[in-house]
Amino acid sequence: MPTGPATALVTGASRGIGRAVAGRLAASGVLVAALARTAAALADLARAHPDGRVVPLAADLRDVGATARAVAAARTACGGAPDLLVNNAGVFAVAPAHETDADAFAAVLDANLAAPFRLVRALLPEMRARGAGHVVTIGSVADRSVFPGNAAYAASKYGLRALHEVLRAECRGTGVRCTLVSPGPVDTPLWDSLDPDHTEGFTPRAAMLAADDVADAVLYVATRRPEVNVDELRLGRA
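This section reports on the structure supplied with the text. (Residues numbered from 1 in each chain as written. Predicted model: local features only at pLDDT ≥ 70, side-chain atom pairs only at ≥ 80, totals over all residues. Heavy atoms only, no water.)

Tallied over the full model, the rule gives 1 cavity of 30 Å³ or more. Roughly 30 Å³ of volume is contained in the largest cavity. Per-element tally for the lining of the largest cavity: the top contributor is helix α4 (residues 102-130), with 3 residues. For the lining of the largest cavity, the per-class residue count stands at 5 nonpolar, 3 polar and no charged. (1 Å grid on protein atoms, 1.4 Å probe; cavity = no way out; pocket = protein on both sides within 12 Å on 5 of 7 lines; lining within 4 Å. Points joined across faces, edges and corners; volume = space filled by probe spheres on them. Helix = DSSP H or I, 4+ residues; strand = E, 2+ residues; numbered from the N terminus. Nonpolar A, V, L, I, M, F, W, Y, C, P; charged D, E, K, R; others polar.)

Moving on to the side chain of lysine 157. With respect to the helices, strands and loops of the structure, lysine 157 is situated in helix α5 (residues 151-171). Despite its burial, lysine 157 remains without a salt bridge, the nearest opposite charge being carried by aspartate 143 at 6.9 Å. Here isoleucine 138 takes part through its backbone oxygen, which lies 3.2 Å from a polar atom of the side chain of lysine 157. Every residue in contact with lysine 157, bar those within four places of it in the chain, is listed here: Ile138, Gly139, Ser140, Ala142 and Asp143. (Buried < 20%, exposed > 50% of the residue type's maximum accessible area, 1.4 Å probe, protein only. Lys, Arg positive; Asp, Glu negative; His and termini not counted. Salt bridge = Lys/Arg side-chain N within 4 Å of Asp/Glu carboxyl O. Polar contact = N/O pair within 3.5 Å; in protein donor to acceptor, adjacent residues only side chain to side chain. Contact = heavy atoms within 4.5 Å.)

Before going further, it helps to spend a moment on the pairing of strand β3 (residues 54-58). Summarising the sheet, strand β2 (residues 31-36) and β3 pair through 5 bridges and their orientation is parallel. Looking at β3, one finds that alanine 34 is bridged to proline 56. You can see the chain leave β2, run along helix α2 (residues 39-47) and come back into β3, and the turn it takes is right-handed. (Pairing = 2+ DSSP bridges. Right-handed = clockwise from strand over helix to strand, strands pointing away.)

Moving on: the packing of helix α1 (residues 16-27) against helix α6 (residues 211-222). For the pair α1 and α6, interaxial distance at closest approach is 8 Å and the crossing angle is 50 degrees. Between α1 and α6, the crossing angle belongs to the class labelled oblique. With respect to the hand of their crossing, α1 and α6 are arranged in right-handed fashion. For the pair formed by α1 and α6, the contact residues are Gly16, Ile17, Ala20, Val21, Arg24 and Leu25 on the first element and Ala211, Asp212, Val214, Ala215, Asp216, Val218 and Leu219 on the second. Classifying every residue of the contact of α1 with α6 by side-chain character gives 9 nonpolar, 1 polar and 3 charged. (Axes fitted to C-alpha atoms, helices over the stretch in contact; angles between N-to-C directions. Parallel < 35°, antiparallel > 145°, perpendicular 65-115°, else oblique. Left-handed = near helix turned anticlockwise from the far one by under 90°.)

As structure tokens, this is what we get:
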């Protein structure tokens, strides 16, 4: 690529949006540290890129120790903090607020908000010190709109949007870019247990975005000239 990252860390890379993003970046010549919980799926992703552009890292980002080890491994693979961090990993839970267990609520916030923060905290200082880097946050329509049953998920995604906005303000002028990629519903395995095609209030899968659409958006924002920051990119079906 004439411009863009040489190295990247993509979380939630074993399936759905994360897998599509990792694959698209690797196919574009980026060395991708692909992080997810499922080692077998990561190995399959790496086999799809036999040129060695995908380095699989199996870890549960809700585990602080595992996260630290994964960051260390990513640094080794990338020769330091990656040029691009794509915070994509997350969980989706649907339940009315009054039926949501407090521990379950906290677990969603930990996976969707605290874990991305821990990665930012680990990698952003080096990005700032060298005057270059890019933090891409994968948001959701739920980071700006509320839906019944989304107490935990919406809270986490609204928080993630706020984190992005703070990072954008703090990184302005440092050479580090921050982008929120905020898609509408995306057809991924996340929906398998919910059967949106037969559940009232959900978008049918045929009317959803594809994971590759989000991957295209990430590649787009990551390959703008270093002087250009795409603050936010929203995607929806036409």
